[in-house]
Amino acid sequence: MIVAAVAFVGTHFLMSHPLRAGMVRALGERGFLGVYSLVSLATLIWLALAYRAAPMEPLWWAPSDPLSIVATVVMLAASVLLMGSLLGNPALPTGGKAAAVPAEASGVFAITRHPMMWAFALWAAVHLAVYPVAPNAVVTIAIGVLALVGAAMQDRKKARAQPDSWPTWQSRTSFWPFAAIAAGRARFGGFRPHDLAGGVVIWLAATWAHGPLSGWAAGIWRWM
């Protein structure tokens with residue numbers, strides 16, 4: 001599992017950063033995306049198969065109701081961050097074109113300029129907390145490292161590619177959640193309808209699906 005996890009995370013970093021330019025020159029943008037997707041899928045399947053083959057073992061600690069309540073609330077916040085990141089996010093890939101930077105940070109972007117990556121990191125932390133076994137630790141730590149280290153590397157790449165706009169966006173926002181708000185560089189609020197409504201819908205749907213897919217009730221369904 002560790003080897004599969006290193007391959008999954010490492011190939012993402014290599015293809016997204018040091019190898020990207022050469023691969024795009026050799027394969028073209030579409031060819032690069034095809035190879036990137038194929039390698040990502042192959043290493044993810046490898047990790048999933050290794051996870052399924054791992055032996056069962058006792059939990060490191062017993063998840064309690066208070067922990068489940070915290071996990072439920074954190075996953076709702078992660079769902080809002082994820083949905084809010086899908087529209088108007090200058091951190092998303094743009095195919096080599098300069099991304100439009102908002103005039104001010106609001107909604108999920110006031111919380112962090114990397115709401116999608118933090119949604120994945122929060123998912124990883126919650127799932128390790130509520131299912132603390134070694135195989136799950138390997139998977140969740142891999143996802144957390146991929147999300148947060150990837151976000152930091154993305155900042156550096158964007159700053160090189162967009163020296164006129166990305167440093168300005170960095171000055172208005174923060175990598176760490178709520179740091180820009182605490183520093184007075186951004187104001188909490190300004191969430192769009194799809195941020196909140198979409199976040200609640202995906203949170204309800206994903207936690208409901210957790211039961212039939214894994215056999216473990218999650219979210220509010222744990223108490224229903």
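Higher on the page you've got the structure.
About the criteria used
Residues numbered from 1 in each chain as written. Predicted model: local features only at pLDDT ≥ 70, side-chain atom pairs only at ≥ 80, totals over all residues. Heavy atoms only, no water. Helix = DSSP H or I, 4+ residues; strand = E, 2+ residues; numbered from the N terminus. Buried < 20%, exposed > 50% of the residue type's maximum accessible area, 1.4 Å probe, protein only. Polar contact = N/O pair within 3.5 Å; in protein donor to acceptor, adjacent residues only side chain to side chain. Contact = heavy atoms within 4.5 Å. Core = buried A, V, L, I, M, F, W, Y, C linked by side-chain atoms within 4.5 Å. Salt bridge = Lys/Arg side-chain N within 4 Å of Asp/Glu carboxyl O. Expected span 1.5 Å × (residues − 1). Arc of directions from axis to C-beta.

Engineer: So what exactly am I meant to see when it comes to the environment of alanine 42 here?
Structural biologist: Residue position: alanine 42 is located in helix H2 (residues 20-53). With relative accessibility at 44%, the residue alanine 42 sits in the partly exposed group.

Engineer: In this structure, what is going on with the side chain of asparagine 136? I would like to understand it.
Structural biologist: Structurally, asparagine 136 can be placed in helix H6 (residues 134-161). Note on asparagine 136: relative accessible area 9%, which makes it buried. Within polar-contact distance, the side chain of asparagine 136 engages the backbone oxygen of tyrosine 131 at 2.9 Å. Residues contacting asparagine 136, with those up to four places away along its chain left out, are Tyr51, His127, Leu128 and Tyr131.

Engineer: Got a minute to help me understand the nonpolar core in this structure?
Structural biologist: Soluble, globular proteins show a tendency: their nonpolar side chains are buried together. If you look at the biggest cluster of nonpolar residues, it comprises 24 residues, and the most contacted ones within it are Met75, Leu81, Val108, Trp118, Trp169 and Ala186. Every element with two or more residues in this core is listed here: helix H3 (65-84), helix H4 (108-111), helix H5 (115-130), H6 and helix H7 (166-172). Within the second largest apolar cluster, 12 residues are counted, among which are Ala4, Ala5, Leu47 and Ile143.

Engineer: Would you mind going over the pattern of salt bridges with me for this structure?
Structural biologist: Between side chains of opposite charge, a pair can form as their charged atoms come close. If you walk through the whole model with that rule in mind, you get 4 salt bridges. As a salt-bridge pair, arginine 222 and aspartate 65 come within 3.1 Å of each other at their nearest N and O atoms. Here the residue arginine 222 occupies a position in the segment after helix H9 (193-214), and aspartate 65 occupies one in helix H3, the gap between them amounting to 157 residues. Residue arginine 222 is classed as partly exposed on the basis of its relative accessible area, which comes to 36%. For aspartate 65, a relative accessible area of 39% gives the class partly exposed. Here aspartate 195 ties to arginine 192 by a salt bridge, and the two come within 3.2 Å at their closest N and O atoms. The buried category is assigned to aspartate 195, whose relative accessible area is 1%.

Engineer: Would you mind going over H9 with me for this structure?
Structural biologist: Since there are 3.6 residues in each turn of an α-helix, residues three or four apart along the chain are aligned in direction. The first and last C-alpha atoms of H9 sit 31 Å apart over 22 residues, in line with the 32 Å expected at 1.5 Å per residue. Along H9, the residues classified as buried are Asp195, Gly198, Gly199, Trp203 and Thr207. Projected down its long axis, H9 shows its buried positions confined to an angular sector of 155°, all on one face. Projecting away from the buried face of H9 at angles above 90 degrees are the exposed residues Pro193, Val201, Trp208 and Pro212. Looking at the packing, one finds that the buried side of H9 touches H3. Glycine 215, located one to two residues past H9, shows a positive phi value of around 85°.

Take it as geometry only, folks, not as evidence of what the structure does.
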